[in-house]
Amino acid sequence: MLKKIICPVDFSDASRTALEYASHIARLTNAELQLLNYQQAMPHQVLSPISMRHAEIEEQQPLITTELEKWCREANRAFGITCSYEMDVDSVSLATAINEHSNENDLVIIGTNGADDIFQEWFGSNAFNVAKRSLCPVLIVPENFTFGTLRKLVFAWDYSMKKDELFNRLFAFAELLKTEIDFVHISSHATELSKDVFNAAKDAGEEKFGGKIKAEYVRIYSSFPAESIIDHMKEKHGDILALTFGHGKLAKKIIQGKDSEGDHVPPSFPILVFHE
């Protein structure tokens, strides 16, 4: 059961979108929503553009607190949810700070506009680094995304059904939001052997989930897995893409937002990241 949703906010358009999405999820799941404004007092990395001096933070603290109170009141009034807030100042990274405020049973919902500068291209956006290092699942919401009816969760699937805890969390999340699941696997070659492996994995999945939740098993032949998964999300009207950091480069490419030519293309749908 989901008890707490943590939503990091910096009052940008991306965090405003995340707040609205998090408020919808909190209402659907009866979870508490906690807003977290984190100020990094010292650089976590030498060239980090987000670090601030203590004096600057202290000067801004009353304004930040007032704004947090305002956002909480708005969420409570509009969605009828329990909303609290906290401002935290430390020298650690945002991802580490969030871990200090959460446990593995929580959910982090964070906004993103993709990797929008050279620093983030190399070291990852805030959302990417939070998702990579978080102790709990992280739901990344694109800037200006509009919440709608949740019907389908698409899971980028590597055939493994042996990671019980991961799949129990996936099932629990889908059950909580009352969505069906598409298990999507990208194969580079269409061979009889790979077909047999897919069918065996599908049988294992059906045995595990049974009739508890509506699920479809999809195999796509492509040399471009990230682009193929994105196309599937669009064609099948997926509402949330779920994946793990076991998918390595695939996860980074989708979260950071790059097309096959390497151009910056922010994700157009929410991405739910689990850890194996």
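Structural data are supplied above this passage.
My aim in this report is to walk through the structure given alongside it, one point at a time.

Right, let's get into the nonpolar core. With 51 residues, the main nonpolar core has Ile5, Leu33 and Leu35 as its most contacted residues. In contact with Leu33, not counting residues within four places along its chain, are Ile5, Cys7, Leu19, Ala22, Ser23, Ala26, Ile81, Thr82, Cys83 and Ser84.

The next point concerns the side chain of Ser93. Locating Ser93 in the fold gives a position in the loop between strand 3 (83–90) and helix 3 (94–100). A distance of 3.0 Å separates polar atoms of two side chains, one belonging to Ser93 and the other to Thr96.

Moving on, we get to the pattern of salt bridges. Scanning the entire structure with this criterion turns up five salt bridges. Notably, a salt bridge pairs Glu180 with Lys152, separated by 3.8 Å at the nearest N-O pair. Of this pair, Glu180 sits in strand 7 (residues 180–187) while Lys152 sits in strand 6 (residues 152–156), placing them 28 residues apart in sequence. Assigned by exposure class, Glu180 and Lys152 land together as buried. A salt bridge links Asp182 to Lys152; the nearest nitrogen and oxygen atoms lie 3.4 Å apart. Placement of Asp182 in strand 7 and of Lys152 in strand 6 is noted, with a sequence separation of 30 residues between them. The pair formed by Asp182 and Lys152 is uniform in burial state, with each residue classed as buried. In the salt-bridge network here, residues are joined through shared partners; they are Lys152, Glu180, Asp182 and Lys214.

So, on to the pairing of strand 4 (residues 107–112). Burial within strand 4 is extensive, with six of its six residues counted as buried. Of the two faces of strand 4, both are covered, the one formed by Leu107, Ile109 and Gly111 as well as the one formed by Val108, Ile110 and Thr112. Pairing of strand 1 (residues 4–8) with strand 4, which is carried by two bridges, proceeds in the parallel orientation. Bridging from a neighbouring strand, Ile5 pairs with Leu107 of strand 4. Relative to strand 5 (residues 138–142), strand 4 is paired through five bridges, and the arrangement is parallel. For Gly111, the partnering residue across the bridge sits in strand 5 and is Val141.

Along strand 2 (residues 32–40), eight of the nine residues are buried, which leaves the element largely enclosed by surrounding structure. Where strand 1 and strand 2 come together, five bridges link them in parallel fashion. Paired with Cys7 across the two strands is Leu35, which belongs to strand 2. Handedness of the strand 1-helix 1 (residues 13–29)-strand 2 crossover: right-handed. In this sheet, strand 3 lies alongside strand 2 in parallel orientation, the contact comprising eight bridges. Bridging from a neighbouring strand, Leu36 pairs with Glu86 of strand 3.

What counts, and at which threshold
Residues numbered from 1 in each chain as written. Predicted model: local features only at pLDDT ≥ 70, side-chain atom pairs only at ≥ 80, totals over all residues. Heavy atoms only, no water. Core = buried A, V, L, I, M, F, W, Y, C linked by side-chain atoms within 4.5 Å. Buried < 20%, exposed > 50% of the residue type's maximum accessible area, 1.4 Å probe, protein only. Contact = heavy atoms within 4.5 Å. Helix = DSSP H or I, 4+ residues; strand = E, 2+ residues; numbered from the N terminus. Polar contact = N/O pair within 3.5 Å; in protein donor to acceptor, adjacent residues only side chain to side chain. Salt bridge = Lys/Arg side-chain N within 4 Å of Asp/Glu carboxyl O. Pairing = 2+ DSSP bridges. Right-handed = clockwise from strand over helix to strand, strands pointing away.

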